[in-house]
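Structural characterization, general
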Amino acid sequence: MKAAVIRNYNGEISVQDVEVERPRRGEVMLKIIATGLCHSDLSAYEGKIPVPTPFVAGHEIFGEIVDIGEGVTNFSVGDRVIMAFIKPCGKCEYCVKGQENLCENYGKNVLRGKMLDGTTRLRLRGAELNILGGGGFSEYAVIEETGLAKVPNEISDESIAVLGCAGLTGYGAVNNAMPIFGKRVMVIGVGGVGMSVIQWAKIAGAREIIAVDISDEKLKNARELGAKIINSNITSKEQVENESPDVVIEVAGTTKTEEMAVNVVKKGGKVVFVGLPNVNEAVRIYGASVVRKGITITGSYGGRPRIDLPAMMEYVKKGIFRPDLLVSKRYSLEELPRALRDLAEGRIVRGLINP
Ligand SMILES: [Zn+2]
Ligand SMILES: [Zn+2]
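Parameters at a glance
Residues numbered from 1 in each chain as written. Chains lettered and ligands numbered in written order. Predicted model: local features only at pLDDT ≥ 70, side-chain atom pairs only at ≥ 80, totals over all residues. Heavy atoms only, no water. Salt bridge = Lys/Arg side-chain N within 4 Å of Asp/Glu carboxyl O. Buried < 20%, exposed > 50% of the residue type's maximum accessible area, 1.4 Å probe, protein only. Donors = N, O, S within 2.8 Å, 3.2 Å for Na, K, Ca; no water. Tetrahedral: all angles 85-135°; square planar, octahedral: opposite > 155°, others 65-115°. Helix = DSSP H or I, 4+ residues; strand = E, 2+ residues; numbered from the N terminus. Contact = heavy atoms within 4.5 Å. Polar contact = N/O pair within 3.5 Å; in protein donor to acceptor, adjacent residues only side chain to side chain.

1. Quick look at the pattern of salt bridges
Counting across every chain of the model gives 30 salt bridges. The shortest N-O distance in the salt bridge between Arg24 and Glu21 comes to 3.1 Å. A relative accessible area of 34% means that Arg24 is categorised as partly exposed. Given the relative accessible area of 24%, Glu21 is considered partly exposed.

Below, the structure is given as structure tokens:
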């Protein structure tokens, strides 16, 4: 089968012939319909998320099951499914507590470019090929069933793929910010995850949503969803701080915007960190101000695939959450380098890659 292989960080991406093994116990094989392009794919390509090369990226997968391994009980051949970027083991302390998003065994393997069992099903000229999340920039992928959710027949739009990362991360973030009924919510960074946060926050009952970004184009999308918009490049720090929202959800993932989130939140308010800054960058937070303002700062990583995805699907089915609003453009597998460039230069929110 064909797959887009990243051989070196920032290097050439070649679409190559790759062997794919049959699914093992608890796994299924998908024929990929579409895979979303996420900022983490770009970070992995640039080596900022250091998945060992060579690897196949792509972790927002929508596909049809064509083969199932032993012991798979929840899915059958022919089911259309999406994949969450988190595949929980179901056995560790966190999974047992219902915190699938913090699964220890997933966390151990994902940055090594492996599946839950520490290997992958892809071979390039006989050698094991790594994956980021699922290896979705290819024609087929083998995935653990714990990370999958069925797509109801009523949903035909391929943009459902973005539920697996942007949709799920936004849902998890709003869940962590609850309750937000009647509150003013600021969202810093309105790319794919930010656009997802805005939609879930509206659904959860936010009174007003204030979107902050440095791209007028992205802010335009946020305004179409009814948000008040602020371009932090042209608005003074004092003006932004005057907004004093009850809840701030920080998605941009820079130390500068994390500091902004802590400074801008109202007394007694809550800050949710969702964006991922570089691992070795520290943020400057004044303890005295946290104490005097009585604020809460919390982190939010992804969401719970088996609990959250089926619930999210209901909102999509009813047209209440719109994944298509996150997708700006479609590309072929061969066009992945161009899609990565478009994402790096801020020209798209999410791209969809069709094999
Ligand atoms: Zn992602
Ligand atoms: Zn686990």
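2. A word on the coordination of the zinc ion (ligand 2)
Around the zinc ion (ligand 2), the donor atoms from the protein are Cys89 (SG), Cys92 (SG), Cys95 (SG) and Cys103 (SG), and they sit 2.4 Å away. Seen from the zinc ion (ligand 2), its four donor atoms lie at angles of 101 to 117°, and the figure they make is tetrahedral. Each donor residue of the zinc ion (ligand 2) belongs to the same chain, and together they define the spacing C-x2-C-x2-C-x7-C.

3. Focus: the environment of Gly136
Mapped onto the secondary structure, Gly136 falls in the loop between strand 10 (130-131) and strand 11 (140-144). Along the primary structure Gly136 and Thr169 are separated by 33 residues, whereas in three dimensions their C-alpha atoms are 18 Å apart. Excluding residues that lie within four positions of it along the chain, Gly136 makes contacts with Ile32, Thr35, Ala57, Gly58 and Ile61.

4. Here we look at the side chain of Thr255
Here Thr255 shows up in helix 8 (residues 255-264). Residue Thr255 is classed as buried on the basis of its relative accessible area of 18%. Excluding residues within four positions of it along the chain, Thr255 makes contact with Glu281, Ala282 and Val283.

5. Observations concerning the environment of Ser159
One can find Ser159 in the loop between strand 12 (148-150) and helix 4 (166-177). Taking C-alpha positions, Ser159 is 7.3 Å from Leu352, a pair spaced 193 residues apart along the chain. Beyond its immediate sequence surroundings of up to four residues, Ser159 is in contact with Pro323, Asp324, Val327 and Leu352. Among the polar contacts made by the side chain of Ser159, one reaches the side chain of Asp157 at a distance of 2.6 Å. Polar side-chain contacts of Ser159 include one of 3.5 Å to the backbone nitrogen of Asp324.

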